[in-house]
Amino acid sequence: MLDKLLNSINSTLDSNRAKKYKHQAHQLLHRSFDQHITLAVTGFSRSGKTAFITALVEQLTKQANKQNLPFFDVVQSERLIATKTIPQDILALPTFAYKQAIASLTDKTPKWPDSTQRINTLRLALKYQPKSGLRSHITDVSTLIIDLVDYPGEWLMDLPMLSLSFEQWSSEQLALLNQKPRSFCSRELLTAIASLDLDAPVDESKLAEIAEQYKILLQQFKQEMKLTILQPGRVLIPGDLAGAPLLMFFPVNFSNKNKVIEGSNLAHLQKRYQAYIKEVVTPFYQNYFCKFDRQIILVDLLNALSQGANVLAEQKNAIEQLLQHFNYGQSSFIKRLFSPKIDKLLFAANKSDHLSSEHHKDLAILLNNLVQQSQNELKFDGVKIETMAMSSVCATKAVEVKDKKNKIIKCIYGKEINSGNWMTYLPAQPPMRQLNEYEWPNEGFSFPEFYPLLSNDNKLRHIRLDHVFEFLLGDKLR
Ligand SMILES: Nc1nc2c(ncn2[C@@H]2O[C@H](COP(=O)(O)OP(=O)(O)OP(=O)(O)O)[C@@H](O)[C@H]2O)c(=O)[nH]1
Ligand SMILES: [Mg+2]
């Protein structure tokens, strides 16, 4: 029937318009049969988005068997026919560099893929046999299309800026700069900001000087303190915007100000902030971030725990801010056709292979504790939510060691990144709730990082990716 419709469109319209309508009709048909989902892989910088997308493609295209993905129903019931990457729809974006990423993960000396510098996208097609329902009566074979977008995690933290004026943003950022742990190294910048006469005629070189100071401080917060709320994100990963004046702004103290004088330093800073929101953040959000059907939020809690109570608290705060900027809610069949909403959300405590298996559940409980309040509100709106500990690509394997009293201790084994040495390590038990500064153990937490560790037959290993797939995709493959 579709072919007839498309043929009649073809014959009545000129070829370009026909192609466009044919394409739209195909898209609508796919959506109307619920065979198309856009999956939001969300996470801050270094949370594991690129590794997750690479593992997803690799597991579905090359490792989809019952032993490897036992909890993914379409695989367990032998209904998955094949999966492959297909040409994407968004022609202006580069394609996700899957081949490069998998080559580095499965190299003779496996390495992690590079940090992402630009937005990119990938489309996957899963061909399967429907199990039941309308679809199984109409066809023997169905195809689920999955769209994925990867981007530098730093850009994600720009989304909360969408709802802030320059004055509001400045006041939030100055408050952060005056608090621990930022206050340890922000004094020089704060003095420079205080010395700037906001009402004076614009002094471009002075603004550039302070903007550079702010940039260096943001880099320090990222690299040394592993903080998350770092705005504007493009100062850290500029993409095509390196050197653009709209990146040269910083927070200023608005108190006692009620008028922005034209041509002043303040007017220029405000103009740049507004241009950044309008020309950079808004299109990024509108083009890629308000069309999702499903979402996985990858959280690297172990890295936050290694840094301390402030960094963990900031992760929680940042996740809460982010959740305000996605569309959630129960998505009916008709609504999904025209304005998709996220109806299933998975909070994933990633990199659980850095813990011994007995502590995986503690990590999931900690994440659950951090997002409890937000979860409650989303569940009220009908969103299905799960929290789990997982690992897209294992970097360690479980080993048992006997102590002096012959008691068995569960450890992990792998090649540690800092020293480059193979080591057996006994990871600490993570706390099962958010601890404040006073409750934090004196010795802190330490979770070393490891290079990827393949199976004996050179395959990627994972923890609970099959559960992740079943939760996010399972119902679409029935
Ligand atoms: N053990 C373990 N480490 C992981 C896993 N996934 C990612 N990592 C580590 O986390 C680092 C960052 O992973 P990426 O996938 O590049 O993270 P990202 O979210 O894409 O980061 P940006 O591109 O900077 O936003 C890697 O270099 C690894 O060290 C995992 O499943 N297990
Ligand atoms: Mg990445």
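Here, the structure is the one placed above.
Everything quoted here is computed from the prediction, not taken from an experiment. Numbers given for residues are sequential positions, taken from 1 along each chain in its written order. Numbering of ligands from 1 and lettering of chains from A proceed in the order in which they are written. Local features are withheld for residues below a pLDDT of 70 in this predicted model, meaning they are given only at 70 or higher, and side-chain atom pairs are given and counted only at 80 or more; totals for whole chains, interfaces and linings count all residues. Side-chain measures here rest on the full set of heavy atoms in the structure, leaving out hydrogens and waters.

## Quick notes on helix α16 (residues 360-370)
Each α-helix winds once per 3.6 residues, and so residues spaced three or four apart point in a common direction.
(1) Moving on: Summary of the burial criterion: residues with accessible area below 20% of their type's maximum are buried, those above 50% are exposed, and those between are partly exposed, where the area comes from a 1.4 Å probe applied to protein chains only. Each helix is a run of H or I in the DSSP string that is no shorter than four residues. Each strand is a run of E no shorter than two, and both are numbered from the N terminus. Of all the positions in α16, only His-360, Asp-362, Leu-363, Ala-364, Leu-366, Leu-367 and Leu-370 are classed as buried.
(2) Moving on: For α16, the elements touching its buried residues are β5 (294-299), α13 (301-307), α14 (309-323), β6 (344-349), α17 (372-380) and β7 (384-389). It only takes one pair of heavy atoms within 4.5 Å for two residues to be counted as in contact.

## Some points on the pattern of salt bridges
(1) Moving on: Salt bridges, as used here, are contacts in which a Lys or Arg side-chain nitrogen is within 4 Å of a carboxyl oxygen on Asp or Glu. Here the structure, examined in full by the defined rule, presents 22 salt bridges.
(2) Moving on: Of the charged contacts, one joins Lys-222 and Glu-154 as a salt bridge, the two residues approaching to 2.7 Å between their closest N and O atoms. Placement of the pair is Lys-222 in helix α10 (residues 204-223) and Glu-154 in helix α7 (residues 153-156), with a sequence separation of 68 residues.
(3) Moving on: Given the relative accessible area of 22%, Lys-222 is considered partly exposed.
(4) Moving on: Among the salt bridges present, the one from Arg-182 reaches Glu-314, with a minimum N-O distance of 2.8 Å. Here Arg-182 is found in the loop between α8 (166-177) and α9 (187-195), whereas its partner Glu-314 is found in helix α14, with 132 residues between them in sequence.

## Points about the environment of Ala-200
(1) Moving on: For Ala-200, the position within the fold is in the loop between α9 and α10.
(2) Moving on: Through-space distance from the C-alpha of Ala-200 to that of Ile-261 is 8.5 Å; in sequence the pair is 61 residues apart.
(3) Moving on: In this view, Ala-200 contacts Gly-263, Ser-264 and Asn-265; residues no more than four positions away in its chain are not counted.

## A few points about the nonpolar core
(1) Moving on: For the purposes of this section, nonpolar cores are sets of buried Ala, Val, Leu, Ile, Met, Phe, Trp, Tyr and Cys residues that join through side-chain atoms within 4.5 Å. Formed by 91 residues in total, the largest nonpolar core has its most connected members in Phe-250 and Phe-289.
(2) Moving on: The greatest single-element share of this core, amounting to 11 residues, is contributed by helix α12 (residues 265-288).
(3) Moving on: Phe-289 has contacts with Tyr-151, Leu-156, Leu-159, Phe-284, His-325 and Phe-326, leaving out every residue within four places of it along the chain.
(4) Moving on: The next biggest cluster of nonpolar side chains, apart from the first, holds 42 residues, and it includes Tyr-128, Leu-465, Phe-471 and Leu-472.

## Quick word on the coordination of the magnesium ion (ligand 2)
Tetrahedral metal sites with four donors have an ideal angle of 109.5 degrees; octahedral sites with six donors have ideal angles of 90 or 180 degrees.
(1) Moving on: Note that water is not among the atoms considered, so a metal site may appear incomplete; the donors listed are N, O and S atoms within 2.8 Å of the metal, with 3.2 Å applied to Na, K and Ca. Each protein donor to the magnesium ion (ligand 2) is listed here as Thr-50 (OG1) and Thr-116 (OG1); together their distances run 2.0 to 2.1 Å. Taken as a pair, Thr-50 in helix α3 (residues 49-62) and Thr-116 in the loop between α5 (98-105) and β3 (120-128) lie far apart in primary sequence, 66 residues in all.
(2) Moving on: Accessibility expressed as a relative area gives 15% for Thr-50, which makes it buried.

## Notes on α14
(1) Moving on: Helix length check: α14, at 15 residues, gives a terminal C-alpha distance of 22 Å against a target of 21 Å (1.5 Å per residue), a fit within 8%.
(2) Moving on: Within α14 the residues assigned to the buried category are Ala-309, Val-311, Leu-312, Glu-314, Gln-315, Ala-318, Ile-319, Gln-321, Leu-322 and Leu-323. By definition here, a helix of n residues has an expected span of 1.5 Å times n minus one.

## Looking at the site of ligand 1
(1) Moving on: When at least one non-hydrogen atom of a residue lies within 4 Å of a molecule or strand, that residue is treated as near it. Contacts to ligand 1 come from 22 residues, most closely from Lys-49, Ala-51, Ser-115, Gly-153 and Lys-351.
(2) Moving on: Here a nitrogen atom of ligand 1 sits 3.0 Å away from a polar atom, N or O, in the side chain of His-354.
(3) Moving on: Between ligand 1 and Val-393, the relevant distance is 3.0 Å, taken from a nitrogen atom to a main-chain nitrogen or oxygen of the residue.
(4) Moving on: What sets the accessible areas is the Shrake-Rupley method with a 1.4 Å probe; for residues, cover comes only from the shown protein chains. When isolated, ligand 1 has an accessible area of 650 Å², and the protein chains bury 98% of it. Polar contact is defined as a pair of N or O atoms within 3.5 Å, subject to the rule that within protein one atom must be able to donate a hydrogen and the other to accept it, and that residues adjacent in sequence are counted only when both atoms are side-chain atoms.

## Here's the deal with empty space enclosed by the protein
(1) Moving on: A cavity, in this analysis, means grid points on a 1 Å lattice covering only the protein atoms where a 1.4 Å probe fits yet has no way out; a pocket is instead an open set bounded by protein on both sides within 12 Å along at least five of seven lines, and a residue lines either one if it has an atom within 4 Å of a point. Grid points are joined across faces, edges and corners, and a volume is the space filled by probe spheres set on the points. In this structure the tally under the stated criterion is 2 cavities of 30 Å³ or more.
(2) Moving on: The volume enclosed by the largest cavity comes to roughly 40 Å³.
(3) Moving on: Along its surface, the largest cavity is lined by Gln-173, Leu-176, Leu-177, Arg-182, Tyr-214, Leu-218, Phe-221, Ile-229 and Leu-230.
(4) Moving on: Taken as a whole, the second largest cavity holds about 30 Å³ of empty space.
(5) Moving on: As for the second largest cavity, its lining consists of Asp-300, Leu-302, Asn-303, Lys-351, His-354, Phe-447 and Glu-449.
(6) Moving on: Classifying every residue of the lining of the second largest cavity by side-chain character gives 2 nonpolar, 2 polar and 3 charged. Here the nonpolar group is Ala, Val, Leu, Ile, Met, Phe, Trp, Tyr, Cys and Pro; Asp, Glu, Lys and Arg are the charged ones; every other residue, Gly included, is treated as polar.

## Concerning the pairing of strand β1 (residues 36-43)
(1) Moving on: Within β1, 8 of the 8 residues are buried, leaving the element largely enclosed by the surrounding structure.
(2) Moving on: By the alternation rule, side chains of β1 split into His-36, Thr-38, Ala-40 and Thr-42 and Ile-37, Leu-39, Val-41 and Gly-43, which are all buried.
(3) Moving on: In this description, strands pair whenever DSSP reports at least two bridges between them. Relative to strand β4 (residues 142-150), β1 runs parallel, the two sharing 4 bridges. Its bridge partner being in β4, His-36 is matched across the sheet by Ile-145.

No statement about biological role is implied by the geometric values presented.
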